[in-house]
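Structural overview for review
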Amino acid sequence: MTTASPLLALPGAVAASGADAGVAAHYGSFNTEQRTLVSGEGFVDLSHRDVVVIAGPDRLTWLHSLTSQAFEGLAPGVWTAALILSPTGHVEHYLMGVDDGTAFTAWTEPGYGAPLASYLEKMRFWSDVTVTLAPELAVVWRPAPDHPEADPGRYAVIARESLPVFAQAAGPAAGLWAFDALRIGRGEARFGIDTDVRTIPNEVGWLPGGPVAAVHLDKGCYRGQETVARVHTLGRPPRRLTLLHLDGSENRLPEPGTPLRYDDREVGFVGSSARHHELGPIALGLLKRSVPVEAVLSVDGIPAAQEVLVDPEVGLHVRPLR
């Protein structure tokens, strides 16, 4: 069960729901909060995300062998994202974390921490590592000061009990609606919302060149690598992530998982959606590569124009400049 953040007691806080229950959707004005983050100020409470701590002297070589990322030689203090893939290259787990010289502390999406820890525990074998779920830790995010809207920003993991003290020093607080609007605007997919069980990394821009590079193309073998390498070499991923500009005359946003339609055919689904302070209502969609990039789609009766994120021929992310 999600633990409610103490920052829901801040003035104006309105709780989020669904997968994001436990933290604030906004603190009174998500447009103002977006502009605050774009200015390089403020922070976002992501304390509902699950935290897993991997310790032991073998942790980096072990993670290097299990995941899509290069962990060998990872310097302390450097944040990195990684994927655990199925044998056929489908994304099973997503984690982002940082090493401090003794342990690698990672966050994953709400509800995915226990399955991730369980999988890692099964894969320990003779490696000198420990895997621990850490509900006493909390994730927070601050914008990067140089390019706050076009950059994934800076995560930190702190003691949950210190959230109120952190908020006093890092404020003003911005909610998830503001955070998601900027994330969607830069074309950054969210695991479990913008992906499904069939997703491969090439489809959603998790290769180098995208907002988050969760795959290292030059490292040694790992499970699922053959699929990633083949699509990277030949191009033409089965599906592609696209930024959707929704018709602003509709005063609603589509729910995650709502089908995307073209010529009365279902061609994909919509994931995250938000109201951007400059772009208006936007969403991320995952659709068949064969859908023309200029086609106007429909989601729950709302017209949706496309902006290319993952090139349908090359299979690489074309990062929007926001």
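Residues numbered from 1 in each chain as written. Predicted model: local features only at pLDDT ≥ 70, side-chain atom pairs only at ≥ 80, totals over all residues. Heavy atoms only, no water.

Things to note about the overall build of the protein
This is how it is decided: Numbering goes from the N terminus for both helices and strands, where a helix is a DSSP run of H or I of at least four residues and a strand is a run of E of at least two. When we talk radius of gyration, it's over C-alpha atoms, and the globule rule is simply 2.2 Å times the number of residues to the 0.38. When a residue's accessible area, from a 1.4 Å probe over protein chains only, is under 20% of the maximum for its type it is buried; when over 50% it is exposed; and in between it is partly exposed. Any two residues having at least one pair of non-hydrogen atoms within 4.5 Å are treated as being in contact.
What the protein contains, in helices and strands, is 6 helices and 17 strands. Whereas a compact globule of 322 residues would reach a radius of gyration of roughly 20 Å, the protein reaches 19 Å, a difference of no more than 12%. Each principal axis of the C-alpha atoms in the protein carries an extent, and together these give about 55 × 50 × 35 Å. Within the protein, buried positions represent 54% of all 322 residues. Relative to all contacts within the protein whose residues are 6 or more apart in sequence, the contacts with residues 24 or more apart total 66%.

Overview of the pattern of salt bridges
Rules: Any carboxyl oxygen of Asp or Glu within 4 Å of a side-chain nitrogen of Lys or Arg constitutes a salt bridge here.
Counting across every chain of the model gives 15 salt bridges. Residue arginine 236 is joined to glutamate 313 by a salt bridge in which the shortest nitrogen-to-oxygen separation is 3.0 Å. With arginine 236 in the loop between helix H6 (225-234) and strand S12 (239-246) and glutamate 313 in the segment after strand S17 (302-308), the pair connects residues that are 77 residues apart, well separated along the chain. Linking arginine 252 and aspartate 300 is a salt bridge whose minimum nitrogen-to-oxygen distance equals 2.6 Å. Remark: aspartate 300 occurs in the loop between strand S16 (297-299) and S17 and arginine 252 occurs in the loop between S12 and strand S13 (259-262); sequence separation between them is 48 residues. Judged by relative accessible area, which is 46%, aspartate 300 ranks as partly exposed. One salt-bridge network, in which partners are shared between bridges, spans Asp20, Arg49, Glu109 and Arg190.

Some words on the nonpolar core
The following threshold applies: We call a set of buried Ala, Val, Leu, Ile, Met, Phe, Trp, Tyr and Cys residues a nonpolar core when their side-chain atoms join them within 4.5 Å.
Counting residues in hydrophobic clusters, the biggest one holds 47 residues, and the most contacted among them are Val44, Leu46, Leu83, Tyr94, Tyr155 and Trp206. In terms of residues, this core owes the most to one element, helix H5 (residues 176-185), which gives 6 residues. The residues touching tyrosine 94, leaving out its near neighbours within four places in the chain, are Ala81, Ala82, Leu83, Trp107, Thr108, Phe191, Trp206 and Val212. In terms of nonpolar packing, the next biggest core, distinct from the first, is built from 19 residues, Ile54, Leu74, Tyr119 and Val129 among them.

Comments concerning the layout of surface pockets
A water-sized probe rolled over the atoms picks out the places where empty space is left. Quick note on the threshold: Cavity: a set of points on a 1 Å grid over the protein atoms alone where a 1.4 Å probe fits but cannot get out. Pocket: an open set with protein on both sides within 12 Å along at least five of seven lines, its lining residues, like those of a cavity, having an atom within 4 Å of a point. Grid points are joined across faces, edges and corners, and a volume is the space filled by probe spheres set on the points. Each residue is assigned to one of three groups, with Ala, Val, Leu, Ile, Met, Phe, Trp, Tyr, Cys and Pro labelled nonpolar, Asp, Glu, Lys and Arg labelled charged, and all others, Gly among them, labelled polar.
Roughly 650 Å³ of internal volume is contained in the largest pocket. Forming the walls of the largest pocket are 23 residues, and the residues nearest its centre are Asp20, Trp177, Asp180, Pro256 and Ser273. Broken down by secondary-structure element, the contributors of at least two residues to the lining of the largest pocket are H5 and strand S14 (265-276). It is S14 that provides the largest number of residues to the lining of the largest pocket, a total of 5 residues. Partitioning the lining of the largest pocket into residue classes produces 12 nonpolar, 5 polar and 6 charged.

Side note on the environment of valine 314
Among the secondary structure elements, valine 314 is positioned in the segment after S17. Given the relative accessible area of 43%, valine 314 is considered partly exposed. Taking C-alpha positions, valine 314 is 8.6 Å from valine 231, a pair spaced 83 residues apart along the chain. Residues contacting valine 314, with those up to four places away along its chain left out, are Val231 and Gly235.

Here's the deal with the packing of helix H1 (residues 30-38) against H5
Worth spelling out the cut-off: To obtain each axis, a line is fitted to C-alpha atoms, and for helices this fit is confined to the stretch in contact; angles are then taken between N-to-C directions over 0 to 180 degrees. With respect to orientation, any angle under 35 degrees is reported as roughly parallel, any angle over 145 as roughly antiparallel, any angle of 65 to 115 as roughly perpendicular, and every other angle as oblique. Whether a crossing is left-handed or right-handed is set by the direction in which the near helix is turned from the far one by less than a right angle, anticlockwise for left-handed and clockwise for right-handed.
Two elements in contact, H1 and H5, have axes whose closest approach is 8 Å; the angle formed by their N-to-C orientations is 60 degrees. Overall, the two elements H1 and H5 adopt an arrangement that is oblique. Viewed along their axes, H1 and H5 form a crossing whose handedness is right-handed. Contacts from Phe30, Glu33, Gln34, Leu37 and Val38 of H1 reach H5 at Trp177, Ala178, Phe179, Ala181 and Leu182. Considering only residue class, the contact of H1 with H5 consists of 8 nonpolar, 1 polar and 1 charged.

What to know about empty space enclosed by the protein
By the definition in use, this model includes 1 cavity of 30 Å³ or more. Its volume calculated, the largest cavity comes out at about 80 Å³. Lining the largest cavity are Arg49, Tyr94, Trp107, Glu109, Tyr155, Phe179, Arg183, Glu188, Ala189, Arg190 and Phe191. Classifying every residue of the lining of the largest cavity by side-chain character gives 6 nonpolar, no polar and 5 charged.

Comments concerning the packing of aromatic side chains
Spelled out, the test is: Think of it this way: a Phe, Tyr or Trp ring, Trp meaning its six-membered ring, pairs with another when their centres are within 6.5 Å, and the plane angle makes it stacked under 30 degrees, edge-to-face over 60, tilted otherwise. Remark: a charge is flagged as sitting over a ring if the NZ atom of Lys or the CZ atom of Arg is within 6 Å of the ring centre and within 35 degrees of the ring normal.
Following the criterion strictly, the structure yields 11 aromatic pairs and no others. Taking the centre distance of 5.9 Å and the plane angle of 45 degrees together, the rings of tyrosine 94 and tryptophan 107 count as tilted. Pair noted here: tyrosine 94 is in strand S6 (residues 91-99) and tryptophan 107 is in strand S7 (residues 103-108), with a separation of 13 residues, a long-range link. Three or more aromatic residues joined by ring pairs make a cluster, and in this case those are Trp79, Tyr94, Trp107, Tyr112, Tyr155, Phe191 and Trp206. Directly above the ring of tryptophan 107 sits arginine 49, whose terminal nitrogen or CZ lies 4.3 Å from the centroid.

Quick look at helix H3 (residues 113-122)
Because an α-helix packs 3.6 residues into every turn, residues spaced three or four apart end up facing the same way. The condition is simple: As used here, the arc is the angular range of directions from the helix axis to the C-beta atoms.
Every buried residue belonging to H3 is among Gly113, Leu116, Ala117, Tyr119 and Leu120, and all of these are buried. Summarising the axial view, the buried residues of H3 lie within an arc of 160 degrees, below the 170-degree limit, and thus occupy one face. Residues of H3 that are buried sit in contact with strand S4 (50-55), helix H2 (59-66), strand S5 (80-85), S6, S7 and strand S8 (130-133).

Notes on the side chain of serine 47
Turning to its location among the elements, serine 47 is positioned in the loop between strand S3 (43-45) and S4. Judged by relative accessible area, serine 47 falls into the buried class, the value being 1%. In this structure serine 47 touches Ser5, Val23, Ala138, Val139, Arg160 and Leu163, once residues within four positions along its chain are discounted.

Purely geometric stuff here, so don't read any function into it on its own.
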